[in-house]
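# Structure assessment
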Amino acid sequence: MKINPFYGLALSVALYIAQPAVAQTGQTSASNAMMKSMQSGMNQMMSMKMTGDPDHDFAMMLKMHHQSAVDMADLEIKQGANAQTKALATRIKATNQKEIRELTQFISSHKPQSSSSKLSQDAMKIMHSGSHSMNGKTDYDFASMMAQHHQQGVDMAKAFLKEGKTEKMRMMAKNVIKQQTKEITELKKLETSLKG
């Protein structure tokens, strides 16, 4: 997989610009850890060796994406204060862990078929899309970051459906779109209510 050489520079600039805002808002360690988890998942996906098989590559990327969501949810569950946000994080964690097991099974049993898939290019554009805000409060930051994270997952699943071949991965993508779109609505409502 070819990595955009400007990615590292853009990321460094974005993190540098974000630092003063983070310091001014008294950013919590949980929020920082959530951001690191989200970035770590993106970095893993960027450095992943693509096979060219859209089903196999989607499964590997989605597994990494889901693990990032589990890590973020764990931080909310441990350090969040809002019961509703923690309950949603618990549901997100359980759903993602279940799908990680299914994805692991698919990856181990599916022999990649080489093809001229555009999924890796589309996924990289998607991972650089979207935005979230942070105010240093764990519950708000989780809702904002997870809404963006979910939207990227939905967009990646939609991109995959243009090329996906196996019924198992097509069903997984459709389920991601349905489930995470519903959760995005919940997350956005929480983000609004927790902003103050």
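Structure: above.
The rules we used
- Residues numbered from 1 in each chain as written.
- Predicted model: local features only at pLDDT ≥ 70, side-chain atom pairs only at ≥ 80, totals over all residues.
- Heavy atoms only, no water.
- Helix = DSSP H or I, 4+ residues; strand = E, 2+ residues; numbered from the N terminus.
- Buried < 20%, exposed > 50% of the residue type's maximum accessible area, 1.4 Å probe, protein only.
- Contact = heavy atoms within 4.5 Å.
- Areas by Shrake-Rupley, 256 points an atom, 1.4 Å probe, with all protein chains shown as cover.
- Phe/Tyr/Trp six-rings, centres within 6.5 Å; stacked < 30°, edge-to-face > 60°.
- Expected span 1.5 Å × (residues − 1).
- Axes fitted to C-alpha atoms, helices over the stretch in contact; angles between N-to-C directions.
- Left-handed = near helix turned anticlockwise from the far one by under 90°.
- Nonpolar A, V, L, I, M, F, W, Y, C, P; charged D, E, K, R; others polar.
- Core = buried A, V, L, I, M, F, W, Y, C linked by side-chain atoms within 4.5 Å.

### Let's talk about the overall build of the chain
Of the regular secondary structure elements, the chain holds seven helices and zero strands. What you see in the chain, going N to C, is helices and strands ordered as α-α-α-α-α-α-α. Each of the 196 residues in the chain was classed as buried or not, and the buried ones make up 46%. Counting only contacts in the chain whose residues sit at least 6 apart along the sequence, the fraction spanning at least 24 positions is 79%. Counting every atom, the chain has about 10,100 Å² of accessible surface; 57% of that belongs to carbon and sulfur.

### Details of the packing of aromatic side chains
Any aromatic ring pair is given by two values, namely how distant the centres are and how the planes are angled relative to each other. This model, assessed by the stated rule, comprises one aromatic pair. When the ring of F58 is compared with that of F160, the centres are 4.2 Å apart and the planes differ by 10°; the resulting orientation is stacked. Highlighted residues: F58 in helix α3 (residues 54–79) and F160 in helix α6 (residues 138–161), separated in sequence by 102 residues. Accessibility classification places F58 together with F160 in one group, the buried group.

### Some points on helix α7 (residues 167–194)
Under the 1.5 Å per step criterion, the end-to-end length of α7 is 40 Å for 28 residues, consistent within 8% with the ideal 40 Å. Residues of α7 that are buried include every one of M169, M172, A173, V176, I177, Q180, E183, I184, L187, L190, E191 and L194, and no others. Tucked inside the fold, the buried residues of α7 contact α3, α4 (83–109) and α6.

### Comments concerning the packing of α4 against α6
As a packed pair, α4 and α6 sit with axes 10 Å apart at the nearest point and diverge in direction by 35°. Between α4 and α6 lies a crossing of left-handed hand. In contact with T85, A89 and I92 of α4, α6 contributes D139, F142, M146 and H150. The residue makeup of the contact of α4 with α6, split by class, is four nonpolar, two polar and one charged.

### Some points on the nonpolar core
Counting residues in hydrophobic clusters, the biggest one holds 17 residues, and the most contacted among them are F58, L62, L103, A157 and M169. Those elements giving two or more residues to this core turn out to be α3, α4, α6 and α7. Looking at this core, the element that brings in the most residues is α7, giving six residues. Sequence-distant contacts of L103, defined by excluding residues within four places in its chain, comprise A59, L62, K63, H66, M169 and M172. By size, the runner-up hydrophobic cluster in this structure holds 16 residues, among which are A69, A89, Y140 and L190.

Everything listed is a geometric property; what it means functionally is a separate question.
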